[in-house]
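One letter stands for each residue in the lines below.
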Amino acid sequence: MAKTPEPKRTISLKPCDGDVIEVSPMIAKQMQTIQSFIEDDSFIATTTIIPLPNVTAFQLSKIIDYLNYHSNSKAVADNVKESTKKFDEEFLKELEHDKLKELLHAANYLNVKEVLDFLCQAVADLIQDKSVKFVRKFFGVVNDYSVEEEEDIRRTHAWAFEGVEED
Amino acid sequence: MSTQATTNVSRKRRTSKDDTTCPSCPVLLIELIYEILSWLPVKSLIQFKCVCKSWNSLISSSDFVKKHVHRSSIDPNLRNHRLLGIDYNLDHKFVLSLSLRSVIDNLSRPIFDESSFELRLGAEIVQSCNGLICWINYENHNYVNYLNPSTKFKSQSPPCFDHPWVFGDVDEPCFTLFGFGYDLINDIYKTIAIYCDPIGKNTMVKVYELGVSRSWRDIQSLPFFPCTNIDTYSEDYGKFVSGTLNWLCLSCDKSLVIVSLDITDETFEEISVPNVATTLDFVESPKLWVLGGCLCFSYDFNKEHILLWQMKLYGVIESWNIFLKISYMDIGPYYPRPLFMWDNNEIMLKINDDGRFIVYNHRCNSLKHLEFRTSNIWIEGGTYIESLVSPYNVGVN
């Protein structure tokens, strides 16, 4: 969680629920949406509170946690890689499917590339070996193929469906 | 920003009568789905064409295919990188593919693709580019073949230079050198064929645009004769880097020079090899490679070392620098073949075809041996990335 150093050099962010969260300019910079606020002439660091009506306190603090951890562990040594991997796994463990998707939207709204890439990759890992049915349900997508049309695609690429467990 | 769009999409989907979708779950924006899909392996993408019509057209779109290629090629985890192996089984030849990661991590059992591709005996892999493999038939250079091992689609070029492969009958038989690369400006995969007559020391050059043209087209001939012969030519295909194909040639005064073909303009240019290397002889095995997007040049130094130079900035001869120096004491009496570089400092080199590799760490100056032996399987043909690129048309079929 972000601390408030003195004198105040932090950016104040107000999620749609909960209290104002202070972040360092270094972290704020990585959120493109916040960055454009900061670059605006009317922005005064000491007094302006940036409202984030589309982001919850939980989502904001998750994103800040991720950025904080990763900006402090840019080294390439094997043990650092190992602990970063552990952090990433723990980070995702706390997120159920819906929370994960909501966090993706928050990261997209804040336009923070590092988190967005990480979460997209996490969702890809999650669905990679899943059935078409699971994927439809996960994304809330309606199947608009006729039975024949779907059969046709499956037949054309039969090899790709071998060994896939239908659930 | 995108809030309004989210709400609209959600509302529309939620009123659907499909009972398999849960009514309260958040629906992702299509731009996020696009991003997510770009991280998937080809097999999953082909399956997910079945999800719905819009996913099918998204996955089939030329923009997505390019995005996926780009994503795979820069992925530090090398999840879509694969190594080609050839199984000399009976009278057939099979191309096998195994995860490069599993070889690097030195798993005791590297994972082969569940399926393999039968090529005819005598197949010789020229090069892979964006997941497309270009191969020729050793005995008949008249055709070039294309295969995407990830989608299993394949095609063949129209006839090129019609000349049979002559063994033994002639001292210096003619041969055709190939090169394969991607013209980014025109979004076309091009194959270059150089017909070489080693006695007359002249060349004829043709180009074929995959999926676009119906025949090969003549272009200007090479300014110099390629520095290659019948025994080594299968390694001397054009090396594709920075939109150019590169061949090592002998200039008029018998010094080594790189001839580079701009794949878009189809014009040749000369590039100097490192100064100390212009007078190298055949026995010193001068060779070109591409590592980490840079043109590299290797040769045997005094039978003690192999030296590998790297041209840091393509076309800038001042940027040649010695990149690797490996003593034969460490690797045995083989001339190692640089295969692949990742993490900016790990270089994988092939010691021989039956599964011995070394990984050289440039930063730590350390050497690691990898061994992966399977009878009848030869690791040749290099690496490729999994992609959806079609061998029929530009983009996807």
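Residues numbered from 1 in each chain as written. Chains lettered and ligands numbered in written order. Predicted model: local features only at pLDDT ≥ 70, side-chain atom pairs only at ≥ 80, totals over all residues. Heavy atoms only, no water.

**Quick look at empty space enclosed by the protein**
Residues and elements named next belong to chain B.
Move 1: Taken as a whole and judged by the stated rule, the model has three cavities of 30 Å³ or more.
Move 2: Looking at the largest cavity, its volume works out to about 110 Å³.
Move 3: What lines the largest cavity is a set of 14 residues, and nearest its centre among them are Cys-227, Asp-236, Trp-247, Leu-248 and Leu-288.
Move 4: At the level of secondary structure, the elements contributing two or more residues to the lining of the largest cavity comprise strand S14 (244-250) and strand S17 (287-291).
Move 5: Looking at the lining of the largest cavity element by element, the count peaks at three residues for S14.
Move 6: The residue inventory of the lining of the largest cavity, partitioned by class, reads eight nonpolar, two polar and four charged. (1 Å grid on protein atoms, 1.4 Å probe; cavity = no way out; pocket = protein on both sides within 12 Å on 5 of 7 lines; lining within 4 Å. Points joined across faces, edges and corners; volume = space filled by probe spheres on them. Helix = DSSP H or I, 4+ residues; strand = E, 2+ residues; numbered from the N terminus. Nonpolar A, V, L, I, M, F, W, Y, C, P; charged D, E, K, R; others polar.)

**What to know about the domain arrangement of chain B**
Residue and element names in this part refer to chain B.
Move 1: One can read the domain layout of chain B as domain 1 (3-16 + 23-72) and domain 2 (122-272).
Move 2: If you look at the interface, domain 1 gives five residues, while domain 2 gives five residues.
Move 3: Summing both partners gives a buried area of about 320 Å² for domain 1 against domain 2, and 67% of it is carried by carbon and sulfur.
Move 4: Taken as a group, Val-42, Lys-66 and Val-69 account for 80% of the area that domain 1 buries against domain 2, more than any other trio of residues on that side.
Move 5: At the boundary of domain 1 and domain 2, one finds one salt bridge.
Move 6: The partner of Asp-187 in a salt bridge is Lys-66, with the nearest N and O atoms 3.3 Å apart.
Move 7: Where domain 1 touches domain 2, the interface holds one residue pair in polar contact (both at pLDDT 80 or more).
Move 8: Contributing elements (two or more residues each) for the side of domain 1 that touches domain 2: helix H3 (42-47) and helix H5 (62-74). (Domains from an automatic or database assignment. Contact = heavy atoms within 4.5 Å. Buried area = accessible area lost by both parts, 1.4 Å probe. Salt bridge = Lys/Arg side-chain N within 4 Å of Asp/Glu carboxyl O. Polar contact = N/O pair within 3.5 Å; in protein donor to acceptor, adjacent residues only side chain to side chain.)

**A look at the UniProt feature "domain: SKP1 component POZ" (unreviewed entry) in chain A**
Move 1: Mapped onto this numbering, the UniProt entry gives "domain: SKP1 component POZ" (unreviewed entry) at residues 10-72 of chain A.
Move 2: Taken end to end, residues 10-72 of chain A is 46% helix and 19% strand, and its first and last C-alpha atoms sit 18 Å apart. (UniProt positions renumbered as here; feature names shortened; annotations may be inferred.)

**Section: the UniProt feature "domain: SKP1 component dimerisation" (unreviewed entry) in chain A**
Move 1: According to UniProt, the feature "domain: SKP1 component dimerisation" (unreviewed entry) maps to residues 114-160 of chain A in the numbering used here.
Move 2: Helix makes up 74% of residues 114-160 of chain A and strand makes up 0%, while its end C-alpha atoms are separated by 31 Å.

**Observations concerning the packing of helix H3 (residues 57-72) of chain A against helix H5 (residues 97-110) of chain A**
Residues and elements named next belong to chain A.
Move 1: Viewed as axis vectors pointing N to C, H3 and H5 meet at an angle of 70 degrees, and their least axial separation amounts to 10 Å. Here H3 is positioned roughly perpendicular relative to H5, judged by the angle of their axes. Side by side, H3 and H5 meet where Phe-58, Gln-59, Leu-60, Lys-62 and Ile-63 of the first sit next to Lys-99, Glu-102, Leu-103, Ala-106, Ala-107 and Leu-110 of the second.
Move 2: Partitioning the contact of H3 with H5 into residue classes produces seven nonpolar, one polar and three charged. (Axes fitted to C-alpha atoms, helices over the stretch in contact; angles between N-to-C directions. Parallel < 35°, antiparallel > 145°, perpendicular 65-115°, else oblique.)

**What to know about the pattern of salt bridges**
Residue and element names in this part refer to chain B.
Move 1: Within this structure, the stated rule accounts for 22 salt bridges over all chains.
Move 2: Of the charged contacts in the structure, one is a salt bridge between Glu-266 and Lys-190, with a shortest N-O distance of 2.8 Å. On the criterion of sequence distance, the pair formed by Glu-266 in the loop between strand S15 (256-262) and strand S16 (268-272) and Lys-190 in strand S9 (residues 188-197) is long-range, its members being 76 residues apart. Grouping residues by exposure puts Glu-266 and Lys-190 together as buried.
Move 3: Ionic contacts of the salt-bridge type, sharing partners, join the residues Asp-183, Lys-190, Glu-209, Arg-217 and Glu-266 into one network. (Buried < 20%, exposed > 50% of the residue type's maximum accessible area, 1.4 Å probe, protein only.)

**Considerations on the side chain of Thr-151 of chain B**
Move 1: Secondary-structure assignment places Thr-151 of chain B in the loop between strand S6 (140-148) and strand S7 (153-156).
Move 2: The exposure class of Thr-151 of chain B is buried, given its relative accessible area of 6%.
Move 3: Once residues lying within four places of it in the same chain are set aside, the contact partners of Thr-151 of chain B are Trp-159 of chain A together with Val-42, Ile-46, Ser-387 and Leu-388 of chain B.

**With respect to the packing of helix H4 (residues 53-60) of chain B against H5 of chain B**
Residues and elements named next belong to chain B.
Move 1: The N-to-C vectors of H4 and H5 enclose an angle of 60 degrees; their axes lie 5 Å apart at closest approach. Overall, the two elements H4 and H5 adopt an arrangement that is oblique. Contacts from Leu-58, Ile-59 and Ser-60 of H4 reach H5 at Ser-62, Phe-64 and Val-65.
Move 2: A per-class count over the contact of H4 with H5 returns four nonpolar, two polar and no charged.

**Considerations on H4 of chain B**
Move 1: Residues Trp-55, Asn-56, Leu-58, Ile-59 and Ser-60 of chain B constitute the buried set of H4 of chain B.
Move 2: Turning to H4 of chain B, the residues buried within the fold contact helix H7 (132-139) and helix H8 (147-156) of chain A together with helix H2 (30-37), H3 and H5 of chain B.

**Some words on unusual backbone geometry**
Glycine aside, residues mostly have negative phi, and peptide bonds are mostly found in the trans state.
Residues and elements named next belong to chain B.
Move 1: Even without being glycine, Asn-302 reaches a positive phi, approximately 55 degrees.
Move 2: For Asn-302, the location among the structural elements is in the loop between strand S18 (294-301) and strand S19 (305-311).
Move 3: Of note in this structure, Asp-343 is not a glycine but carries a positive phi near 55 degrees.
Move 4: In this fold, Asp-343 is placed in the loop between strand S21 (337-342) and strand S22 (346-352).
Move 5: Residue classification places Asp-343 among the partly exposed positions, given a relative accessible area of 39%.

**What to know about the domain arrangement of chain A**
Residues and elements named next belong to chain A.
Move 1: Annotation of chain A at the domain level lists domain 1 (11-127) and domain 2 (132-161).
Move 2: Measuring from the centre of the C-alpha atoms in domain 1 to the corresponding centre in domain 2 gives 34 Å.
Move 3: Taken together, the contact between domain 1 and domain 2 spans five residues of the former and four residues of the latter.
Move 4: Carbon and sulfur atoms supply 83% of the area buried between domain 1 and domain 2, which totals about 450 Å² over both sides.
Move 5: When residues of domain 1 are sorted by the area they lose upon contact with domain 2, His-97, Lys-101 and Ile-127 head the list and together hold 76% of the total.
Move 6: Remark: the boundary between domain 1 and domain 2 carries zero salt bridges.
Move 7: Between domain 1 and domain 2 we count one residue pair in polar contact (both at pLDDT 80 or more) in total.
Move 8: Broken down by secondary-structure element, the contributors of at least two residues to the side of domain 1 that touches domain 2 are H5 and helix H6 (113-127).
Move 9: Element by element, the count of residues in the side of domain 1 that touches domain 2 is highest for H6, at three residues.
Move 10: Each residue belonging to the side of domain 1 that touches domain 2 can be placed in one class, and the counts come to three nonpolar, one polar and one charged.

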